[in-house]
Amino acid sequence: MRQDEQQPNDKERPGGRVVVKQERSERTRRNLIRAASTVFDRSGYERATLSAISERAQVTKGALFFHFAAKSDLARAVQAQACATSGAALGKLARHETPAFEIANAMAHTLVDLLETDVTVRAGARLAQEIRTPDDPSLHCHINWLGALHGTLARARKDGSLLPDVDVRAAAVLMLSMITGTTALPRLPADLATARPPRPRHTSAAGFAPRTPQETGTLWLTRMLHLTRPALSDLPAN
């Protein structure tokens, strides 16, 4: 064969069609997990239907059942992806060479950010509360996060950034409670969340009232960590 003859593309060689089918199958599977995440996040496990998920993913029911035999299998896939995504973010933070208490705070902020911006992480966390989930950190977001926080705060005890009389397990549970608690708080209007009397909502010339500003989970977490910091660490606040 002459050197200037074009080499066939790998996907055009014998067996190439198998590669194409595998890639298409994997794309469909990822699409179904994203669609299921959105439906579970909006409707919860009990109200979510396979019809809604297949419609959201724009695939046939047959394609859905090819990848997932039941709704519970889809839920497990969403939970696994949620744990993988959040676990990777926590693992990256754990490698930082800074006082471990600050790393734990950074982990808390990262998880709240993921809960606000990543629908799969948010759905995985919701499913962990709604359905029976094995005590497996690769499936149960809260156990995954609690383990990361506990390990990091145990390091903080050793490096002195956590006060010596602090119960490490209780501190980890406290942080996890703050993280998961913020998922409800952003839905509160700012006036209600801060216990101030609501201001009158004046309508515009078009007859529409402006939307009431809402608190974010990140702001709430910052406030709660600020309040609890003196009981956990004597490091100066950043």
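Draft legend 1. Region of the structure containing the layout of surface pockets. Taken as a whole, the second largest pocket holds about 210 Å³ of empty space. Taken together, the residues that form the lining of the second largest pocket break down as three nonpolar, five polar and two charged.

Draft legend 2. Representation of the nonpolar core in the model. The biggest cluster of nonpolar side chains holds 34 residues, and the ones touching the most others in it are F101, W145, L149, L153, L162, M175 and I179. Looking at this core, the elements that each hand over two or more residues are helix 4 (71–94), helix 5 (100–117), helix 6 (119–130), helix 7 (141–159), helix 8 (168–181) and helix 10 (217–232). With sequence-adjacent residues up to four places away left out, L149 is seen in contact with A104, M107, A172, M175, L176 and I179. Within the second largest apolar cluster, 20 residues are counted, among which are L32, L50, A57 and V78.

Draft legend 3. Layout of unusual backbone geometry. One non-glycine residue with positive phi stands out, namely Q58, at about 60°. With respect to the element layout, Q58 can be found in the loop between helix 2 (50–57) and helix 3 (61–67). For Q58, a relative accessible area of 75% gives the class exposed.

Draft legend 4. Seen up close, the side chain of S233. With respect to the secondary-structure elements, S233 resides in the segment after helix 10. The class for S233 is buried, based on a relative accessible area of 4%. Within the local environment of S233, its side chain forms a polar contact with the backbone oxygen of S161, the two atoms lying 2.6 Å apart. Ignoring any residue separated from it by four or fewer positions in sequence, one finds S233 in contact with F101, S161 and L163.

Draft legend 5. Looking closely at the environment of M175. Looking at the secondary structure, you find M175 in helix 8. M175 sits 50 residues away from L225 along the chain, and the two C-alpha atoms are 8.2 Å apart. Apart from residues no more than four positions distant in its own chain, M175 is found in contact with F101, A104, N105, L149, L153 and L225.

Draft legend 6. Broad picture of the packing of helix 5 against helix 6. Viewed as axis vectors pointing N to C, helix 5 and helix 6 meet at an angle of 100°, and their least axial separation amounts to 6 Å. Here helix 5 lies roughly perpendicular to helix 6, going by the angle between them. Across from L114, L115, E116 and T117 in helix 5, the residues of helix 6 making contact are V119, V121, R122 and A125. In terms of residue class, the contact of helix 5 with helix 6 is built from five nonpolar, one polar and two charged.

About the cut-offs
Residues numbered from 1 in each chain as written. Predicted model: local features only at pLDDT ≥ 70, side-chain atom pairs only at ≥ 80, totals over all residues. Heavy atoms only, no water. 1 Å grid on protein atoms, 1.4 Å probe; cavity = no way out; pocket = protein on both sides within 12 Å on 5 of 7 lines; lining within 4 Å. Points joined across faces, edges and corners; volume = space filled by probe spheres on them. Nonpolar A, V, L, I, M, F, W, Y, C, P; charged D, E, K, R; others polar. Core = buried A, V, L, I, M, F, W, Y, C linked by side-chain atoms within 4.5 Å. Buried < 20%, exposed > 50% of the residue type's maximum accessible area, 1.4 Å probe, protein only. Helix = DSSP H or I, 4+ residues; strand = E, 2+ residues; numbered from the N terminus. Contact = heavy atoms within 4.5 Å. Polar contact = N/O pair within 3.5 Å; in protein donor to acceptor, adjacent residues only side chain to side chain. Axes fitted to C-alpha atoms, helices over the stretch in contact; angles between N-to-C directions. Parallel < 35°, antiparallel > 145°, perpendicular 65-115°, else oblique.

Any functional reading would require information that these geometric values do not contain.
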